[in-house]
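Listed below, chain by chain, are the residues.
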Amino acid sequence: MGIRFFNTLTRTIMDFEPLVPGEVRMYTCGPTVYDYAHIGNFRAYVFEDLLRRYLKFRGYRVIQVMNLTDVDDKTIRGARREGVSLDEFTARYKQAFFEDLDTLRIERAEFYPAATDHVGDMIALIETLIRKGHAYVSEDGSVYFDISSFPQYGKLSCVDTSGLKAGARVVHDEYGKQDVADFALWKAWDEADGDVSWESPWGRGRPGWHIECSAMSMKYLGETFDIHTGGIDNIFPHHENEIAQSEAATGKPFVRYWLHCAHLVVEGQKMSKSLGNFFTLRDLLKRGYSGREVRFVLIGTHYRQSLNFTLSSLDAARNALARIDDTRRRLRELVYRRKGHGVDDTSKHLVSRSEEKFIQALDDDLNVAPALAALFDLLRDVNRALDRDAITSDGAALLESFLTKMDRVWGFLEVESEEHPDQEVHALVQERERLRRKKNWAEADKIRDRLLRMGWIVQDTPEGPRLRRAK
RNA sequence: GGCGCGGUAGCCAAGUGGUAAGGCACGGGUCUGCAAAACCCGCAUUCACCGGUUCGAAUCCGGUCCGCGCCUCCA
């Protein structure tokens, strides 16, 4: 059996078969670059990263596109508030976004198209929609999609638009609409837009939000592609509108598999600035947590399950990761010790058993919990085998490379370059060893305390002292 | 009101008909100069509640209670 995904379009778990064998084309709704992204946003991006990494792990070539929304009400408002150009304003948050991706070890997509670089593509798409009778121009020069021209509207979200009523949440500037459910493809310029505008066949204005995803996804991935992801909140109206725009324009199915990520809550409550439980990634780094600890927490709950994020879960992640790191270090040390010949049967067996469980779990709609259980079962069995001296250096090398292989999907193993004790630390460790040989425990313990204050934990092993970073 | 999700040990979290994975925390032990790490043992007779189906249910059906999300530009 191969990979299966829950497809929002059919509301069932389906076998995954890409359009082109061996190749997956996926589109991911990216950030609106008006502020630092928050931990909830990253929940979605980490999920998409897991998806991408696992598809690659299973041998697919992945072509991923993530858009950057750099023109909308919020970016325009932000730029005007600060009196800088839209480009200058969004450039800052684009850069911050990529820094955050690196912190969380999120792999880069193949393309990050910015909306402002593709306004021409959007205009062309809107023209097609008008020509085919799916869109109309209002008196003020805005263009709206005509929902009534697309009978399948609602098929993704199962929303019945006849129940929609004009109300508080219907934006004031959209007066020219024939039906409240119609949505803007192009917005005529108004004063709040300042100097942000593009020329179009309908006059000066800017694109609506939904159209960018249709235009850019189809430009880079073709009129029909394999996977489209996003947060659950995007199902309606954003993705519903994307389907309408794209399929009305091309007459072809737009996306084959829709995958949506559930929300993240903090301490059981919706994250909001007023509740004081709003975290950007940077907030967490300031509190001393690392990107991989955050990644571990975000990856650990199934993507269709709402994730209850807490600071104590980050502490738990830290300890769990230390456990992984330590076993990996034991394996490395054994590799260097050149013990035994060839790969022992225990190692072979553990690797094949773990890999089977790992794949079986993740094939099943990215079921991470059993896959993580496979990892921790492996660690326990490896430690056990190490304790009874049942692993050879070649076996350790095999196990170590298997951990590295799994980490192509997990992306949370320790990066070696992160820790190197300096000369002073080395000298102290040696001094302590000298004292310990003299059984001068009191002085030796003082040095141990001193090292701990310097950020290093000393562990005495039969093979000598081992240093571990205290975080 | 419409659409959808969930309630499993102190916390996080799998399991969708065959008798409760895994992680963190916690208690005891082995090892250790003491620690740390590792390992061993223990830690839900029970899966929000009430009925029902079944030889058998956390898993299926009906009902109740509770929490959460979306419903026009929020991942």
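Small disclaimer: the values here were computed from a predicted structure and weren't measured.

Rules used in this analysis
Residues numbered from 1 in each chain as written. Chains lettered and ligands numbered in written order. Predicted model: local features only at pLDDT ≥ 70, side-chain atom pairs only at ≥ 80, totals over all residues. Heavy atoms only, no water. Helix = DSSP H or I, 4+ residues; strand = E, 2+ residues; numbered from the N terminus. Buried < 20%, exposed > 50% of the residue type's maximum accessible area, 1.4 Å probe, protein only. Contact = heavy atoms within 4.5 Å. Areas by Shrake-Rupley, 256 points an atom, 1.4 Å probe, with all protein chains shown as cover. Salt bridge = Lys/Arg side-chain N within 4 Å of Asp/Glu carboxyl O. Domains from an automatic or database assignment. Pairing = 2+ DSSP bridges. Axes fitted to C-alpha atoms, helices over the stretch in contact; angles between N-to-C directions. Near = heavy atom within 4 Å. Polar contact = N/O pair within 3.5 Å; in protein donor to acceptor, adjacent residues only side chain to side chain. Nonpolar A, V, L, I, M, F, W, Y, C, P; charged D, E, K, R; others polar. pLDDT = per-residue confidence, 0-100. Expected span 1.5 Å × (residues − 1). Parallel < 35°, antiparallel > 145°, perpendicular 65-115°, else oblique. Left-handed = near helix turned anticlockwise from the far one by under 90°.

Undergrad: Teacher, can you tell me more about the overall build of chain A here?
TA: The helix and strand tally for chain A stands at 14 helices and 15 strands. Expressed as lengths along the three principal axes of its C-alpha atoms, the size of chain A is roughly 90 × 50 × 35 Å. The burial tally for chain A puts 54% of its 471 residues in the buried class. Taking the intrachain contacts of chain A between residues at least 6 apart in sequence as the baseline, contacts between residues at least 24 apart amount to 77%. Summing over all exposed atoms, chain A offers an accessible surface of approximately 21,500 Å²; the carbon and sulfur share of this is 49%.

Undergrad: How do you make sense of the pattern of salt bridges when you look at a structure like this?
TA: Side chains that carry opposite charge are capable of pairing whenever their charged atoms lie near each other. Counted by the stated rule, this structure contains 47 salt bridges. Between D121 and K219 there is a salt bridge, with its nearest N and O atoms 3.2 Å apart. Here the residue D121 occupies a position in helix α4 (residues 119–131), and K219 occupies one in helix α5 (residues 209–221), the gap between them amounting to 98 residues. Ionic pairing is found between R436 and D460, a salt bridge with its closest N-O pair at 3.4 Å. With a gap of 24 residues between them, R436 in helix α13 (residues 423–437) and D460 in strand β14 (residues 456–461) connect regions that are remote in the sequence. R436 sits in the partly exposed class, given a relative accessible area of 25%. On the basis of relative accessibility, which here comes to 35%, the residue D460 falls in the partly exposed class.

Undergrad: I tried to follow the domain arrangement of chain A on my own but got confused; where do I start?
TA: By a frequent convention, interface size equals the accessible area lost on bringing the separate parts together. Once the domains are mapped, chain A shows domain 1 (9–261), domain 2 (281–417) and domain 3 (419–469). Between domain 1 and domain 3, the C-alpha centre-to-centre distance is 56 Å.

Undergrad: So what exactly am I meant to see when it comes to the sheet that holds strand β10 (residues 255–261) here?
TA: Sheet strands pair by backbone hydrogen bonding; their relative direction is either parallel or antiparallel. Overall, parallel pairing links the 4 strands, which are arranged β4-β3-β9-β10 in an open sheet. The outermost strands of the open sheet, each flanked by one partner alone, are β4 (61–66) and β10. Along the sheet, successive strands turn relative to each other by an average axial angle of 20 degrees, direction set aside.

Undergrad: How should I be thinking about the sheet that holds strand β6 (residues 143–145) in this particular structure?
TA: Read across the open sheet, the 4 strands follow the order β5-β6-β7-β8; overall the sheet is antiparallel. Every other strand in the sheet has two partners, leaving β5 (135–137) and β8 (205–207) as the edge strands with one partner each. Averaged over all pairs of adjacent strands, the angle between their axes in this sheet comes to 20 degrees, without regard to strand direction. Sheet topology places strand β7 (residues 183–188) next to β8; 3 bridges connect them, and they run antiparallel. Directly across from W186, in β8, lies its bridge partner P207. The sheet contacts of α4 involve β5, β6, β7 and β8, and relative to β7 the element is tilted by about 120 degrees.

Undergrad: Hey, could you run me through the pairing of strand β1 (residues 4–7) in this one?
TA: Regular strands show a simple pattern: their side chains alternate between the two faces of the sheet. Burial along β1 is two-sided: the face carrying R4 and F6 and the face carrying F5 and N7 are both buried. Relative to strand β2 (residues 12–15), β1 runs antiparallel, the two being bridged by 4 bridges. Counted as the bridge partner of F5 is M14 from β2. Hairpin connection from β1 to β2: 4 residues lie between these consecutive antiparallel strands, with R11 at a positive phi of about 60 degrees.

Undergrad: Can you help me understand the protein's contact with RNA strand B in this one?
TA: For RNA strand B, the set of nearby residues contains 56 residues, the closest of which are K187, G231, N234, R384 and R448. When atoms of RNA strand B within 4 Å of the protein are sorted by moiety, sugar and phosphate together comprise 65%. The contact in question runs from a sugar or linking oxygen of RNA strand B to an N or O atom on the side chain of N383, over 3.2 Å. Interatomic distance of 3.4 Å between a side-chain N/O atom of R432 and a base oxygen of RNA strand B. Ranked by the residues each element gives to the surface near RNA strand B, the list is headed by helix α11 (residues 368–387), at 9 residues. Here the residues of the surface near RNA strand B sort into 20 nonpolar, 16 polar and 20 charged.

Undergrad: What am I meant to see in the confidence of the model for chain A here?
TA: Should pLDDT be low for a region, the predicted coordinates there are not to be read in detail. When pLDDT is averaged along chain A, the result is 91, and 96% of the positions lie at 70 or above. Of all secondary-structure elements in chain A, the lowest mean pLDDT belongs to strand β12 (residues 269–270), at 82, while β4 reaches the highest, 98.

Undergrad: Could you clarify how one ought to interpret α5 in this entry?
TA: Because the α-helix completes a turn every 3.6 residues, residues three or four places apart line up on one side. Helix length check: α5, at 13 residues, gives a terminal C-alpha distance of 19 Å against a target of 18 Å (1.5 Å per residue), a fit within 8%. Of all 13 residues in α5, 10 are buried; the element is thus mostly enclosed. All buried positions along α5 are accounted for by H210, I211, E212, C213, S214, A215, M216, S217, M218 and L221. Downstream of α5 by a residue or two, G222 has a phi angle that is positive, lying close to 100 degrees.

Undergrad: How should the packing of α11 against helix α12 (residues 393–410) be read in this particular structure?
TA: Each pair of packed helices gets described by two things: the angle between the helix axes and the distance between those axes. Here α11 crosses α12 at 160 degrees, and the two axes come no closer than 12 Å. Here α11 is positioned roughly antiparallel relative to α12, judged by the angle of their axes. By crossing handedness, the relation of α11 to α12 is classed as left-handed. In contact with V368, A371, L372, L375, L378, L379 and V382 of α11, α12 contributes L399, F402, L403, M406 and W410. Per-class residue counts for the contact of α11 with α12 are 12 nonpolar, no polar and no charged.

Undergrad: Hey, could you run me through the environment of R204 in this one?
TA: Considering the arrangement of structural elements, one finds R204 in the loop between β7 and β8. Given a relative accessible area of 40%, R204 falls into the partly exposed group. When sequence neighbours within four positions are dropped, the list of residues in contact with R204 reads W186, A188, W189, S197, W198 and E199.

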